[in-house]
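So you can see what is in the structure, the chains are spelled out below.
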Amino acid sequence: MESVAKVKPETCFGCTACMAICKFDAITMQPDAEGFMVPIVDEEKCVGCGACTKVCPALNPWQGKAGENKFYAYQHEDKEVLAKSTSGGAFSAIVGNEENPYVCGCVLDNKLYVRHILSREEDDIAAMRGSKYVQSDMSNVLREIRDKLAAGEKVVFSGTSCQTHGLLNYLSVAKVPADNLITMDLICHGVPSNLMHQEYVKLYEQVKGVKGLKHYFRTKRQQWGLKFMLKNYEQAFVHSGQKPPVHGCADGDRTSLESQLWLNVFFSDLCLRESCYHCPYCTDNKPADITLADFWGIEETDVDLDFPQGCSLMIARGKGITKVEKLLNSKLLNAKQESVARKYQMHLTRPIKRPETRVDFWRDYHNFGFAYVAKKYLRYGAKYKMLMVLYNFANKLSDKRIAQRIGNRLFY
Ligand SMILES: Cc1cc2nc3c(=O)[nH]c(=O)nc-3n(C[C@H](O)[C@H](O)[C@H](O)COP(=O)(O)OP(=O)(O)OC[C@H]3O[C@@H](n4cnc5c(N)ncnc54)[C@H](O)[C@@H]3O)c2cc1C
Ligand code: SF4
Ligand code: SF4
Ligand code: SF4
């Protein structure tokens, strides 16, 4: 039998299920030229048992989950948790409703590297809050989850749909009962690599002559919602030249062009993982028990939540429905409300389009480096520095209309 060595590189999701299932430790995950983790099979160790091909989501494409999908609006009742969550704090609510579970989620570590960890420590779970718009390194978490479930512990997993699919396939082939597991995935735009993010951090550090300590991908400093689209994605970069952060995401550099550059990297779509351009999870019937997203468009509905502080959309299926219905502030959407939610979620039906210049972007990056491609393909350089000054000025004057117009030229 063959191994995952036959998987076409552009279809691999980097989910690590193949590495986890291999009893002969013949697979290691290593970064490819774009910095995305891919499996490398050691042919000397491989016995051709085929287990890795059985768990691989690229070789066993997603067929959709049978059963009903229910749409809910949600907002966390604890204002502090809400302020530190990306949308309505749905992740924290689901975790908080379980009794002392192990939680597996995505953190930005102190080297500003994005990874998944498994922990039941409060500080670790708090660090999982908030979206990190980078593909998370799954390290060895799948085997750690297997061990906890096999020992009868409760586990809550939160990741992208491809990561969730890999985990579920792995547990099924490894014959580990998943009754004590709750999974959450996301409506997902796509993911740039840790390599690109590290390049961004390096550029920031070089230009500013400081050391990066923290990067917030969504500050939520201002109100949330369609009316504040640019502010929803405001970044904050905390560095060694500043006082230690005391107010969480309200701290950090939010006004320099460099502080906002990652937004442009993400939305340019130039360096998303190849698999994201033909993502098979752009459907209601995703792998997880609960799908999380921002409830864009809630303002256009009569859902009774204090939405300017952030609101989540949850799509629940199977045992996820019982979990969501237990939450104090969850509101089942009627057909009209659901159609508004769908209107703003294009990734429920289609993946992001692959930019024609993606190949040129990576060629130039490999030849000339990140600063070069940032100037050539992104909104970086003297002209944009000037626009950033005007943008900050318009914000200070509270001229939202002008700030929005300048911001559109700066960030998207
Ligand atoms: C890469 C990415 C793309 C997204 N695209 C969309 C989109 O197109 N439309 C939309 O409405 N929402 C999107 N989201 C989801 C959105 O940003 C919020 O995560 C969601 O609204 C949940 O917010 P929350 O307040 O419930 O939870 P939060 O407390 O913000 O946390 C949500 C969970 O997301 C997980 N997570 C964070 N970063 C990553 C990562 N890099 N990889 C895997 N898991 C991660 C964490 O483990 C955490 O448990 C995306 C999120 C990510 C990470
Ligand atoms: S075929 Fe078997 S031994 Fe070879 S890499 Fe896959 S799981 Fe490991
Ligand atoms: S999709 Fe996952 S299981 Fe398949 S080859 Fe890639 S990392 Fe391995
Ligand atoms: S867009 Fe699809 S393939 Fe890409 S990370 Fe998200 S779920 Fe995975």
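1. A short note on the domain arrangement of the protein chain
Much of the literature gives interface size as the accessible area that the parts lose upon coming together.
Piece 1. Here the domain parsing of the protein chain yields domain 1 (4-55), domain 2 (70-191 + 273-348) and domain 3 (194-207 + 215-270 + 358-411).
Piece 2. One C-alpha centre belongs to domain 1, the other to domain 2; they are set 26 Å apart.
Piece 3. Counting residues at the interface gives 18 residues for domain 1 and 22 residues for domain 2.
Piece 4. Contact between domain 1 and domain 2 buries roughly 1700 Å² in total, counting both sides, with carbon and sulfur atoms accounting for 61%.
Piece 5. When the area that domain 1 buries against domain 2 is broken down by residue, the three leading residues are Phe13, Ala20 and Phe36, summing to 35%.

2. Looking at the nonpolar core
Piece 1. One finds Met196, Trp262, Phe295, Phe370 and Leu410 to be the most contacted residues of the largest nonpolar core, which totals 57 residues.
Piece 2. Broken down by element, this core gets its largest block of residues, six residues, from helix 10 (residues 257-268).
Piece 3. Ignoring sequence-local partners within four residues, the contact set of Met196 consists of Trp262, Val265, Cys271, Phe361, Trp362, Tyr365 and Phe370.
Piece 4. Val41, Val141, Leu149 and Val155 belong to the second largest nonpolar core, which has 35 residues in total.

3. Focus: the site of ligand 3
Piece 1. Taken together, Val4, Val7, Cys12, Phe13, Gly14, Cys15, Thr16, Cys18, Met29, Pro39, Cys56 and Pro57 form the complete shell of residues around ligand 3.
Piece 2. When the residues that make up the shell around ligand 3 are grouped by side-chain class, the tally is ten nonpolar, two polar and no charged.

4. Quick word on the site of ligand 2
Piece 1. Looking at ligand 2, the residues that line it are Ser3, Cys22, Phe24, Ala26, Ile27, Cys46, Val47, Gly48, Cys49, Gly50, Ala51 and Cys52.
Piece 2. Residue composition of the shell around ligand 2, grouped by class: nine nonpolar, three polar and no charged.

5. Some points on a nonpolar patch on the surface
Piece 1. A cluster of nonpolar residues, Met386, Val389 and Leu390, forms a patch on the protein surface that exposes about 300 Å² of accessible area.
Piece 2. By secondary structure assignment, the location of Met386 is in helix 15 (residues 382-396).

6. Observations regarding helix 15
Piece 1. End to end, helix 15 covers 21 Å across 15 residues, agreeing with the expected 21 Å (1.5 Å per residue, within 8%).
Piece 2. Here helix 15 has its buried residues at Tyr384, Leu387, Met388, Tyr391 and Ala394. Buried residues along helix 15 cover an arc of 125° about the axis, so they all sit on one side. Turned more than 90 degrees away from the buried face of helix 15 sit Ala382, Met386, Val389, Phe393 and Lys396, all of them exposed.
Piece 3. Phi for Ser398, located one or two positions after helix 15, is positive at around 60°.

7. Concerning the pattern of salt bridges
Piece 1. Counted under the stated rule, the structure contains 21 salt bridges.
Piece 2. Among the ionic pairs, Glu199 bridges to Lys202, the shortest N-O distance being 3.5 Å. With Glu199 and Lys202 both in helix 8 (residues 194-208), this residue pair falls three residues apart, about one helical turn.
Piece 3. On the basis of relative accessible area, Lys202 is assigned to the partly exposed category, the value being 42%.
Piece 4. Its salt-bridge partner being Glu258, residue Lys208 comes within 3.5 Å of it at the nearest N-O pair. With Lys208 in helix 8 and Glu258 in helix 10, this residue pair connects regions lying 50 residues apart in the sequence.
Piece 5. For Glu258, a relative accessible area of 1% corresponds to the buried category.
Piece 6. It is possible to trace a salt-bridge network through shared partners that takes in Glu34, Glu274, Arg354 and Arg358.

Rules used in this analysis
- Residues numbered from 1 in each chain as written.
- Chains lettered and ligands numbered in written order.
- Predicted model: local features only at pLDDT ≥ 70, side-chain atom pairs only at ≥ 80, totals over all residues.
- Heavy atoms only, no water.
- Domains from an automatic or database assignment.
- Contact = heavy atoms within 4.5 Å.
- Buried area = accessible area lost by both parts, 1.4 Å probe.
- Core = buried A, V, L, I, M, F, W, Y, C linked by side-chain atoms within 4.5 Å.
- Buried < 20%, exposed > 50% of the residue type's maximum accessible area, 1.4 Å probe, protein only.
- Helix = DSSP H or I, 4+ residues; strand = E, 2+ residues; numbered from the N terminus.
- Near = heavy atom within 4 Å.
- Nonpolar A, V, L, I, M, F, W, Y, C, P; charged D, E, K, R; others polar.
- Patch = residues over 30% accessible without salt bridge, like charges linked within 9 Å, V, L, I, M, F, W, Y side chains within 5 Å.
- Areas by Shrake-Rupley, 256 points an atom, 1.4 Å probe, with all protein chains shown as cover.
- Salt bridge = Lys/Arg side-chain N within 4 Å of Asp/Glu carboxyl O.
- Expected span 1.5 Å × (residues − 1).
- Arc of directions from axis to C-beta.

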